[in-house]
Amino acid sequence: MIRLVLLDIEGTTLPISFVRDVMFPYAAKALPALIQDYTNPTVVAARADIVMEYPGQDPLKVCQDWMKADVKAAPLKTLQGLTWRQGFEDGTLQADLYPDVPPVLKAWSKGGLRLAVYSSGSIPSQKLLYGHTAQGDLTPLFEDFFDLSTGGKKDAASYEKITATVGLPADEILFLSDIGAELDAARKAGMSVCQLVREQDGTVPRPGVAQAPDLNAVSSQFGLPVA
């Protein structure tokens, strides 16, 4: 019996295009000014981490190279998160989730399912995104948020840590993601898994795992509350 649903974000509850075409360009535009802020201790610490790893190189250039290569480096995630906070809080950014997501998440929560998030984006960024959606603030629906500080998403040990944190047997947790390697890792840790194969994102189906086109189909397959 599934008691907790653990959800990825990009390609699962949010179109990849929103992250790729809206959030990343916004951060790229705001980053040059932000990284020169010597009054913000978070910025100072992130810049120091970059300098330590890449001595003699321009921290901004390092970040820009990371963004071009889609490297999920912790200092970059921190800095991007700061730019996104400003954008979400001033209304410039608003998360446009897949239309099935808000009603299904609400139905699952109302029906007694526990919900949590595991994304490569930082926990503050996750909360910003779900706190500023076109359907309002959805953060109260989630009891836990996990990011790369827990470990890599393609590492079974990360899912074992999450299992221990939420205090449930692994087989009572359903992990939803569009990425096959993440699903493989979660399954290795004992979780139930389902791949979201979103037509809009051109998701490549992973052989051997359950698949669903949206969260309504997940409800049907796993006997979860229906929106």
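Residues numbered from 1 in each chain as written. Predicted model: local features only at pLDDT ≥ 70, side-chain atom pairs only at ≥ 80, totals over all residues. Heavy atoms only, no water.

As annotated in an unreviewed UniProt entry, the protein chain is Enolase-phosphatase E1 from Gluconobacter aidae. Regarding the protein chain, the relevant UniProt record gives this comment under Subunit (unreviewed entry): "Monomer." Of the comments in the UniProt record for the protein chain, the one headed Catalytic activity (unreviewed entry) reads "5-methylsulfanyl-2,3-dioxopentyl phosphate + H2O = 1,2-dihydroxy-5-(methylsulfanyl)pent-1-en-3-one + phosphate". (UniProt positions renumbered as here; feature names shortened; annotations may be inferred.)

Asker: Where do I start with the layout of surface pockets in this structure?
Answerer: In this approach the atoms are scanned with a rolling probe the size of a water molecule, which exposes any empty space left behind. One number sums up the size of the largest pocket: a volume of about 650 Å³. Considering the residues around the largest pocket, the lining is formed by 29 residues, among which Glu10, Phe24, Lys72, Lys77 and Ser120 are closest to the centre. Ranked by the residues each element gives to the lining of the largest pocket, the list is headed by helix α1 (residues 16-34), at six residues. Tallied by class, residues from the lining of the largest pocket come to 12 nonpolar, seven polar and 10 charged. When we break the lining of the largest pocket down by domain, the ones giving at least three residues each are domain 1 (4-15 + 94-222) and domain 2 (19-90). In this structure, the second largest pocket spans a volume of roughly 230 Å³. Considering the residues around the second largest pocket, the lining is formed by 16 residues, among which Ala74, Lys77, Thr78, Ser122 and Asp147 are closest to the centre. Looking at the lining of the second largest pocket, the elements with two or more residues in it are α4 (74-89) and α6 (123-131). No other element matches the six residues that α4 contributes to the lining of the second largest pocket. (1 Å grid on protein atoms, 1.4 Å probe; cavity = no way out; pocket = protein on both sides within 12 Å on 5 of 7 lines; lining within 4 Å. Points joined across faces, edges and corners; volume = space filled by probe spheres on them. Helix = DSSP H or I, 4+ residues; strand = E, 2+ residues; numbered from the N terminus. Nonpolar A, V, L, I, M, F, W, Y, C, P; charged D, E, K, R; others polar. Domains from an automatic or database assignment.)

Asker: Mind showing me how you'd approach the packing of α1 against helix α3 (residues 59-69) here?
Answerer: Working note: a packed helix pair is described by the angle between its axes plus the distance between those axes. Here α1 crosses α3 at 170°, and the two axes come no closer than 10 Å. Considering the angle they form, α1 stands roughly antiparallel to α3. Seen from α1, the contacting residues are Ala28, Leu31 and Pro32; seen from α3, they are Leu60, Cys63 and Met67. Tallied by class, the residues present in the contact of α1 with α3 amount to six nonpolar, no polar and no charged. (Axes fitted to C-alpha atoms, helices over the stretch in contact; angles between N-to-C directions. Parallel < 35°, antiparallel > 145°, perpendicular 65-115°, else oblique. Contact = heavy atoms within 4.5 Å.)

Asker: When you look at empty space enclosed by the protein in this model, what are you seeing that I'm missing?
Answerer: Taken as a whole, this structure holds one cavity of 30 Å³ or more when the rule is applied. Lining the largest cavity are Phe24, Trp66, Met67, Asp70, Val71, Lys72, Leu76, Lys77 and Gln80. Mapped onto the lining of the largest cavity, the elements with two or more residues apiece are α3 and α4. If you tally residues by element for the lining of the largest cavity, the top one is α4, at three residues.

Asker: Help me understand the nonpolar core, please; the structure alone is not making it clear to me.
Answerer: Proteins that are soluble and globular tend to have nonpolar side chains buried together. Judged by nonpolar contacts, the single largest core of 38 residues is most densely connected at Trp108, Leu176, Leu215 and Val218. Taken domain by domain, the makeup of this core includes at least three residues from each of domain 1 (4-15 + 94-222) and domain 2 (19-90). Core analysis: the second largest hydrophobic core is formed by 19 residues, Ala116, Phe146, Ile173 and Ala186 among them. (Core = buried A, V, L, I, M, F, W, Y, C linked by side-chain atoms within 4.5 Å. Buried < 20%, exposed > 50% of the residue type's maximum accessible area, 1.4 Å probe, protein only.)

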